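Take a look at the letters that make up each chain.
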Amino acid sequence: MDNTELEYKEKVLEAFKEAFGEEGARVYFAPGRVNLIGEHTDYNGGHVFPCALSIGTFAAARKRDDRVLRFFSVNFPDSGIVETSIDDLHPKGKDGWEAYPKGVIWAFKERGMELESGFDMAVYGNIPNGSGLSSSASLEVLTGYIIRDLFGFDKVTNVDLALIGQQGENQYNGMNCGIMDQFASSMGKLDNAIFLDTATLKYEYAPLGLKDIDIIVTNTNKKHELVGSAYNDRRRESEAALKAIQSRMNIKALGELSAEEFESVKGAITDPVCLKRAKHAVYENLRTIEAVNVLKSGNLVRFGELMNESHKSLQYDYEVSCRELDILAEEAWKIDGVLGSRMTGGGFGGCTVSLVKSDSRARFEEEVGRAYHEATGMDCTFYIVSAGDGPRAI
Ligand code: GLA
């Protein structure tokens, strides 16, 4: 256990004791994620390439004897202690942050695993809120992990934890996300990224042996607030494009198409907006497959180019970037020693991810930071990240 883990373990136990006046809680952790490439492909049957982070969400939890559920978050002290019952879970209700754990409890029940009693849970996360590094997915996977542990649902695998988290998010919270974030959190592996085929859930770990290269996450500090509705719009537009193609070709998802197939069949999509969305989904998937291949062969220069192409496609064709993200990416591209830079996650704010030669890091931070401040009046924040392990008891 490193010092940060120890520090958070103590803090979250303290918060538990203060909120609920009890001791004897167990402490757990689940990571956030950063996606290296493969954006908005996970609900289009394409590939993604994220890694779990060493930051995430911690919780102290303890089973109760009755049907009461109590939640407290150090990150949302104004919400106070939220008290409810396992008999009082209503999808798409007006919940605060606790909607995420509630959605997971609800999804367990939907799968025939009703809890025999309630539990108390105090939460403390170290992912900046609204940064697009999947604080919500980490909270979902964490809740699932805790439920599996406290209630002995031993047959639930870590892949199930991802699916349960996604189900809670889709059906309880009304956000139609794909599987990437929850999968990256529940299946994280130290020093590895996860190459996941979202159509089959087949996956492969790819070692991130990035010698002398840093993965830098830069936060615009603009929260990606509108992401819910705009995200669901993108999903609908992709589905409309798929439907148009299906009138000519027998496919289940845009992720099945090669470039040649797409070019020959794209005329079926008459709506110009849907056409752009499909173009992104198809080519981003192909870029992701190529990116993993070039990483394996050590061609990080090409990997970086693919990241840059990914950003442009998200900017112009999928239209999920924003001015702040574009400034960060474009400023990064100007700097020698930057292999690639792109927005990561759902978009509309949040972070970019950049591969930067270690000896260019100081220049990167100085120049990108200065240009960003001049253009927006805001300060961005830099984090050097490394790929971490999945959820665990600590
Ligand atoms: C959000 C969603 C993911 C994925 C990304 C975009 O993070 O939760 O499922 O679609 O956006 O790649």
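We now turn to the structure provided with this report.

Each value, and the rule that gives it
- Residues numbered from 1 in each chain as written.
- Predicted model: local features only at pLDDT ≥ 70, side-chain atom pairs only at ≥ 80, totals over all residues.
- Heavy atoms only, no water.
- Core = buried A, V, L, I, M, F, W, Y, C linked by side-chain atoms within 4.5 Å.
- Buried < 20%, exposed > 50% of the residue type's maximum accessible area, 1.4 Å probe, protein only.
- Helix = DSSP H or I, 4+ residues; strand = E, 2+ residues; numbered from the N terminus.
- Contact = heavy atoms within 4.5 Å.
- Salt bridge = Lys/Arg side-chain N within 4 Å of Asp/Glu carboxyl O.
- Pairing = 2+ DSSP bridges.
- Axes fitted to C-alpha atoms, helices over the stretch in contact; angles between N-to-C directions.
- Parallel < 35°, antiparallel > 145°, perpendicular 65-115°, else oblique.
- Left-handed = near helix turned anticlockwise from the far one by under 90°.
- Phe/Tyr/Trp six-rings, centres within 6.5 Å; stacked < 30°, edge-to-face > 60°.
- Lys NZ or Arg CZ within 6 Å of the ring centre and 35° of its normal.
- Nonpolar A, V, L, I, M, F, W, Y, C, P; charged D, E, K, R; others polar.

Side note on the nonpolar core
A general feature of soluble globular proteins is that nonpolar side chains tend to end up buried together.
At step 1: Core analysis: the largest hydrophobic core is formed by 34 residues, its most contacted members being Ile 105, Phe 108, Phe 119 and Ile 147.
At step 2: Going through the elements one at a time, strand S1 (26-37), strand S2 (47-63), strand S3 (68-73), helix H2 (99-110), strand S5 (119-125), helix H3 (135-151) and helix H4 (158-172) are the ones with two or more residues in this core.
At step 3: If sequence neighbours within four positions are ignored, Ile 147 has contacts with Val 104, Ile 105, Phe 108, Leu 115, Phe 119, Gly 152 and Phe 153.
At step 4: Of all hydrophobic cores here, the second largest spans 30 residues; its members include Val 34, Leu 133, Phe 195 and Val 294.

Quick word on the pattern of salt bridges
At step 1: On inspection of all chains with the given rule, the structure shows 32 salt bridges.
At step 2: Glu 290 serves as the salt-bridge partner of Arg 302, at 2.7 Å between the closest nitrogen and oxygen. With a gap of 12 residues between them, Arg 302 in helix H9 (residues 300-316) and Glu 290 in helix H8 (residues 272-296) connect regions that are remote in the sequence.
At step 3: When its relative accessible area of 29% is taken as the criterion, Glu 290 is described as partly exposed.

Overview of the pairing of S1
At step 1: Where burial is concerned, most of S1 is hidden: 11 out of the 12 residues are buried.
At step 2: Two strands pair when backbone bridges link them, and S1 and S2 are joined in this way by 10 bridges, in the antiparallel orientation. Counted as the bridge partner of Ala 30 is Thr 57 from S2.
At step 3: As judged from the 2 bridges shared by S1 and strand S12 (residues 392-393), these two strands associate in the antiparallel manner. Bridging from a neighbouring strand, Phe 29 pairs with Arg 392 of S12.

A closer look at the packing of H8 against H9
At step 1: Across the interface, H8 lies against H9 with an axial gap of 9 Å and an inter-helix angle of 165°. As far as their axial angle goes, H9 and H8 are roughly antiparallel. Crossing handedness for the pair H8 and H9: left-handed. Across from Lys 276, His 280, Glu 284, Arg 287, Glu 290, Ala 291, Val 294 and Leu 295 in H8, the residues of H9 making contact are Leu 300, Arg 302, Phe 303, Leu 306, Glu 309, Ser 310, Ser 313, Leu 314 and Tyr 316.

Quick word on the packing of aromatic side chains
At step 1: For the structure shown, the criterion picks out 17 aromatic pairs.
At step 2: An aromatic cluster is defined as three or more aromatic residues linked by ring pairs; in this entry it consists of Tyr 8, Phe 29, Phe 58 and Tyr 124.
At step 3: The ring of Tyr 8 is capped by Lys 11, whose NZ or CZ atom sits 5.1 Å from the centre of that ring.
At step 4: When the ring centre of Trp 333 is taken as origin, the NZ or CZ atom of Lys 312, which lies over that ring, is 4.9 Å away.

Quick notes on the packing of H2 against H4
At step 1: Taken N-terminus to C-terminus, the directions of H2 and H4 make an angle of 110°; their axes are 8 Å apart at the nearest point. By the angle between their directions, the pair H2 and H4 is classed as roughly perpendicular. The chirality of how H2 crosses H4 is right-handed. Across the interface between the two elements, Ala 99, Tyr 100, Lys 102, Gly 103, Val 104, Trp 106, Ala 107, Phe 108 and Glu 110 from H2 touch Leu 161, Ile 164, Gly 165, Gln 167, Gly 168, Glu 169, Gln 171 and Tyr 172 from H4.
At step 2: Its residues assigned to classes, the contact of H2 with H4 shows 9 nonpolar, 5 polar and 3 charged.

Some details on the environment of Val 356
At step 1: Turning to its location among the elements, Val 356 is positioned in strand S10 (residues 351-357).
At step 2: Once the C-alpha coordinates of Val 356 and Leu 139 are considered, the two residues, 217 residues apart in sequence, prove to be 30 Å apart.
At step 3: In contact with Val 356, other than residues within four places in its own chain, are Asp 212, Ile 213, Asp 214, Ile 216, Gly 337, Val 338, Arg 361 and Phe 364.

The quantities given are spatial measurements derived from coordinates; they are silent on function.
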